[in-house]
Amino acid sequence: MCRCVFVCRKSVLLILALLCLACSQAWGGSNSAEAPSHVKGVPSLAIPRLPSPPQLQDFLSMEPRGETALKMTEVTGFVQRDPQDGKPVSKPTTAYLGYDQKNLYVAFVCFDDPTKVRARLSRREDIYDDDQVEVMLDTFHDRRRAYMFQTTPLGVQWDAMWTEQPFDETSGNVDTSFDTVWNSRGQLTSKGYVVLMAIPFQSMRFPNVEKQTWGIILYRGITRKGEDSFWPHISMAEDGRLKHEASLEGMEGISPGENMQIIPYSILRSSRALDDRAPFDPHFSEPALAGQIGMDGKFLLHNNFVLDVTANPDFSQVESDDPQITVNQRFAVYFPEKRPFFQENADFFRTPIDLFFTRNIEDPSAGVRLTGKAGPYSVGILSSDDRAPGLSVTPDDPLAGSRSYFTIARIKRDIFQQSSIGLIYTDREYPGDGEFNRIGGVDSRLKFNANWTGNFQAVVSSTRNADGSYQAGPAYKAEFQRSGEHFSYDGNYNDISPGFVSEPGFVNRVDLREYKNEIAYRFRSQSKWLTAWGPGTVARWAWAHDGLRLDTDYEPVFLLEMRALSYVYFYPYDEMRERLRPQDAPSLLQNQDFHEHRTGIAFSNGFLKKATLGASYFWGDGLNIVTPTGIAPMLASTGTGSATFTYRPIKPLKIDNTYLLERLRDRQSGQAIFNNHILQSKWNWQFTRDLSLRAIMQYNATLANPVYTSLQTTKQFNADFLITYLVHPGTALYVGYNSDLQNMDRGLAVDPATGLINRSPMGYINDGRQFFVKISYLLQR
């Protein structure tokens with residue numbers, strides 16, 4: 001125990017020392033980025049200073065007109081990555097670039113049949129169904145991170161950060177949390193479409209030097225063809241993008257200036273909710289009309305570092321979680337973060353083991369974050385409180401009003417070409433009952449060559465629990481990845497000791513040694529519809545630290561990839577073994593092994609201009625781990641399905657529909673154990689680029705058979721409406737209403753054994769509703 005504490009404290013001291021070193025370089029040393037090594041064959045692009053801002057109409061004839069447009073540097077030669085790697089873009093594409101004291105200007109002239117171009121009026125960042133153009137800017141020219149500015153043919157914006165190290169399994173290399181202020185306009189023409197972007201220098205970070213050299217990549221996407229084309233060429237035969245970036249030169253005497261952003265907000269809300277904090281005494285809170293004010297701030301420090309602060313944040317306008325099946329799950333289900341303060345610059349804190357899952361900070365009243373880069377050092381520090389512990393208990397509880405506190409510190413140093421080594425420290429303290437959880441460790445990403453990369457991490461945790469007990473233990477992760485045009489591989493080894501705990505992170509299983517292999521081979525096709533096909537397989541083995549085999553899983557797959565983001569996946573035979581121990585299920589008296597088989601299919605169709613359809617279904621064996629009290633888990637027959645249908649009946653309206661199904665049946669009698677149905681319909685009407693109406697309606701029902709399961713039959717209907725007037729990120733007006741219905745007993749009668757509210761077979765009660773008006777305004781200089 002003492003050794004783990006000592007190691008943790010040494011990690012803290014080392015991190016603080018390196019933080020001081022990085023900050024001293026930022027304020028007292030050179031601010032220039034580490035000069036990248038020369039990459040053979042990478043082009044260089046020099047752009048001129050323009051006498052006046054270019055206008056969209058200068059390009060509507062599909063060639064530049066006027067003095068300013070004619071001075072801009074012309075770029076042609078876009079090359080496909082998908083579906084025919086190395087072939088010229090199928091439709092002529094030209095970009096024009098220039099700059100003035102305030103902005104970088106990029107114009108795209110894209111030839112095409114205007115009746116086939118996919119261009120709909122959508123809300124900001126909802127552009128995946130449309131054609132797109134994009135500029136990527138590596139402002140530190142270190143080939144590690146880049147800004148992404150993308151628009152549709154109508155100028156609808158999407159922005160993000162690209163990192164050569166994958167952000168997470170869902171987003172890959174793209175961090176979509178980045179939002180900033182920039183301008184874009186687009187228009188269809190008789191020969192295609194034209195887009196003009198104006199990107200303010202104050203919306204980006206770059207070295208404080210007189211002559212700038214950035215990295216740049218230009219992109220055009222033709223959705224109906226499933227075509228991605230880049231300048232310079234980015235081959236799918238090699239991993240990453242920024243190795244191939246061109247050098248952008250010619251910009252002199254520019255600076256983001258003294259950039260300070262303050263976003264004050266005010267909100268007025270009326271709400272009524274069910275208060276079930278006190279066991280056996282649920283009741284409704286009195287309807288209340290309340291106001292609230294708060295602020296977000298962003299301050300640029302010496303061009304390289306950004307200080308973000310939030311006071312009394314409110315996230316009423318944030319969209320609810322996408323539906324997921326959560327019943328009969330052995331381990332916690334991951335729900336992505338959607339709150340803006342915690343999304344932004346989250347890649348600074350990302351490590352191979354997920355040690356900082358921001359949704360564990362449930363209800364903050366204040367937070368501060370410092371992120372930035374000085375030379376080869378990247379630094380991230382975040383601190384926040386959380387009111388959730390004190391709000392989850394009744395007002396007369398001694399812990400009412402108490403808070404927990406989170407601190408995350410991260411430093412990373414670039415080494416070699418596109419490799420890095422880093423340190424991380426996480427800390428959650430809860431003074432209310434003396435709890436703490438502290439983690440320190442080291443990690444590294446190594447780029448071996450154009451195809452192979454490795455990710456490694458070793459950490460140790462130190463934890464005092466609420467009952468005063470103490471535990472500690474290490475965790476390790478090693479991963480090797482290969483990406484290429486044909487063969488791809490991902491091999492993972494995870495070692496999580498029994499004593500390891502990460503309260504700020506998402507580590508949902510401990511006492512585990514796990515090895516996982518994912519292998520795929522793609523045969524590339526030049527046919528009209530098919531782009532690639534081939535086999536793949538996933539194999540996984542897991543053991544406890546005492547050597548007991550826990551799980552094995554073998555899942556072959558065969559896939560067909562087609563144009564227009566369409567595919568078919570076949571899962572002919574998934575063989576899995578799961579071993580449960582008494583600590584996994586209290587009703588087990590000894591270890592029990594389960595042998596399961598499944599088969600499945602999944603497909604998606606994006607060929608239609610107005611509709612996209614996807615579905616999957618898997619059937620076979622599954623575990624029933626929610627058996628009645630005293631009955632051990634048992635093997636059952638399962639069926640799991642999903643379906644998605646997106647429809648655009650008219651250009652301003654988008655309707656997203658999702659259906660999820662999880663069903664379990666007794667193998668002997670064939671009777672249902674439970675059926676879980678989730679149906680969601682999301683409607684978004686974009687009246688103008690600024691004004692939109694969103695409606696989300698969701699029904700979630702678990703129909704349970706008490707003979708075979710401890711689950712209750714529950715039914716829930718939720719409706720969420722939001723009117724948004726978004727001028728740009730930070731300046732917006734929101735008007736929203738949410739209402740929730742559940743099949744609860746109208747008198748709130750509770751089960752004397754569990755204290756839970758009894759469920760009614762018929763009828764619903766409204767267990768919560770809220771109406772709010774929120775306004776925020778961006779103050780910037």
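Residues numbered from 1 in each chain as written. Predicted model: local features only at pLDDT ≥ 70, side-chain atom pairs only at ≥ 80, totals over all residues. Heavy atoms only, no water.

Asks: Mind showing me how you'd approach unusual backbone geometry here?
Replies: In most cases, non-glycine residues show a negative phi, while peptide bonds are predominantly trans. A cis geometry characterises the amide bond from Asp82 onward to Pro83, with omega recorded as -5 degrees. With respect to the helices, strands and loops of the structure, Pro83 is situated in the loop between strand 3 (79-82) and strand 4 (93-99). Residue Glu125 is not a glycine yet carries a positive backbone phi of 75 degrees. Within the secondary structure layout, Glu125 lies in the loop between strand 5 (103-111) and strand 6 (132-138). (Helix = DSSP H or I, 4+ residues; strand = E, 2+ residues; numbered from the N terminus.)

Asks: Got a minute to help me understand the environment of Asn766 in this structure?
Replies: Along the chain, the position of Asn766 falls in strand 40 (residues 765-776). It is 35 Å that separates the C-alpha atoms of Asn766 and Asp433, two residues lying 333 residues apart in sequence. Those residues in contact with Asn766 that lie beyond four places of it in its chain are Arg272, Phe284, Ser739, Asp740 and Leu741. A distance of 2.9 Å separates the side chain of Asn766 from the side chain of Ser739, its partner in a polar contact. Looking at Asn766, its side chain comes within polar contact range of the main-chain nitrogen of Gly768, at 3.0 Å. (Contact = heavy atoms within 4.5 Å. Polar contact = N/O pair within 3.5 Å; in protein donor to acceptor, adjacent residues only side chain to side chain.)

Asks: I would appreciate a short explanation of the sheet that holds strand 5 in the present structure.
Replies: Sheets are built from strands that pair by backbone hydrogen bonding, the pairs being arranged parallel or antiparallel. Sheet architecture is open: five strands sit in the order 2-4-5-11-10, paired in antiparallel fashion. Two strands lie at the open edges of the sheet, namely strand 2 (73-75) and strand 10 (183-189), each paired on one side alone. In this sheet, adjacent strand axes meet at a mean angle of 15 degrees when their direction is disregarded. Taken together, the three bridges between strand 2 and strand 4 define a ladder with antiparallel strand orientation. Paired with Val75 across the two strands is Ala95, which belongs to strand 4. (Pairing = 2+ DSSP bridges. Axes fitted to C-alpha atoms, helices over the stretch in contact; angles between N-to-C directions.)

Asks: Got a minute to help me understand the environment of Val507 in this structure?
Replies: With respect to the helices and strands, Val507 occurs in the loop between strand 26 (487-496) and strand 27 (512-521). Sequence separation between Val507 and Ser316 is 191 residues, and the spatial gap between their C-alpha atoms is 28 Å. Every residue in contact with Val507, bar those within four places of it in the chain, is listed here: Ile353, Asp354, Ile496, Phe500 and Ser502.

Asks: Help me understand a nonpolar patch on the surface, please; the structure alone is not making it clear to me.
Replies: There is a patch of nonpolar side chains on the surface, built from Tyr521, Phe523, Trp533, Phe558, Phe570, Ile601, Tyr617 and Trp619 and spanning about 690 Å² of accessible area. Relative to the elements of secondary structure, Tyr617 occurs in strand 33 (residues 611-624). (Patch = residues over 30% accessible without salt bridge, like charges linked within 9 Å, V, L, I, M, F, W, Y side chains within 5 Å. Areas by Shrake-Rupley, 256 points an atom, 1.4 Å probe, with all protein chains shown as cover. Salt bridge = Lys/Arg side-chain N within 4 Å of Asp/Glu carboxyl O.)

Asks: Which parts of the structure should I look at to understand the nonpolar core?
Replies: Where a protein is soluble and globular, its nonpolar side chains tend to be buried together. Phe108, Leu137, Phe149 and Leu218 are the most contacted members of the largest nonpolar core, which totals 37 residues. Those elements giving two or more residues to this core turn out to be strand 4, strand 5, strand 6, strand 7 (145-151), strand 11 (192-200), strand 12 (214-222) and strand 14 (246-249). Setting aside its immediate chain neighbours within four residues, Phe108 contacts Phe78, Thr94, Ala95, Val133, Glu134, Tyr193, Val194, Val195, Met197, Leu218 and Tyr219. Core analysis: the next-biggest nonpolar cluster, separate from the first, contains 14 residues, Ala146, Trp162, Phe230 and Ile234 among them. (Core = buried A, V, L, I, M, F, W, Y, C linked by side-chain atoms within 4.5 Å. Buried < 20%, exposed > 50% of the residue type's maximum accessible area, 1.4 Å probe, protein only.)

Asks: Sorry, what's going on with the pairing of strand 26 here?
Replies: One face of the sheet, then the other: side chains in a regular strand alternate in exactly this way. Among the ten residues of strand 26, seven are classified as buried, and the element is accordingly described as predominantly covered. Alignment of strand 25 (residues 470-482) against strand 26, held across eight bridges, turns out to be antiparallel. Residue pairing for strand 26: Arg482 is matched across the bridge by Tyr489. A loop of four residues connects strand 25 with strand 26, the two strands running antiparallel in sequence. Of the strand pairs in this sheet, strand 26 and strand 27 are connected by ten bridges, and their pairing is antiparallel.

Asks: Help me understand the packing of aromatic side chains, please; the structure alone is not making it clear to me.
Replies: Remark: the centre distance and the inter-plane angle together describe each pair of aromatic rings, the angle taken between the planes. Evaluation of the coordinates by the stated rule reveals 29 aromatic pairs. Judged by centre distance (6.2 Å) and plane angle (20 degrees), the rings of Phe448 and Phe480 are stacked. Taken as a pair, Phe448 in the loop between strand 23 (435-447) and strand 24 (452-464) and Phe480 in strand 25 lie far apart in primary sequence, 32 residues in all. Chaining the aromatic ring pairs together yields one cluster made of Tyr147, Phe149, Phe178 and Trp182. Note that Lys774 overlies the ring of Tyr265, its terminal NZ or CZ placed 4.9 Å from the centroid. (Phe/Tyr/Trp six-rings, centres within 6.5 Å; stacked < 30°, edge-to-face > 60°. Lys NZ or Arg CZ within 6 Å of the ring centre and 35° of its normal.)

Asks: I'm lost on the side chain of Arg694 in this one. Help?
Replies: Its location among the elements puts Arg694 in strand 37 (residues 691-704). Apart from the residues lying within four places of it in its own chain, the contact partners of Arg694 are Gln317, Glu319, Trp683, Asn684, Asp720, Phe721 and Leu722.

Asks: Just to check I follow, could you spell out the pattern of salt bridges for this structure?
Replies: A side chain of one charge can pair with a side chain of the opposite charge when the charged atoms of the two come close. For the coordinates displayed, the defined rule picks out 45 salt bridges. For Asp142, the salt bridge goes to Lys373, with nearest N and O atoms at 2.0 Å. With Asp142 in the loop between strand 6 and strand 7 and Lys373 in strand 19 (residues 366-374), this pair connects stretches of sequence that are 231 residues apart. On the basis of relative accessible area, Lys373 is assigned to the buried category, the value being 10%. For the salt bridge of Lys516 with Glu518, the shortest nitrogen-to-oxygen distance reads 3.7 Å. Exposure remark for Lys516: the relative accessible area of 28% places this residue in the partly exposed category. Given a relative accessible area of 33%, Glu518 falls into the partly exposed group. A single salt-bridge network, built from bridges that share partners, covers Arg124, Glu125, Asp159 and Asp179.

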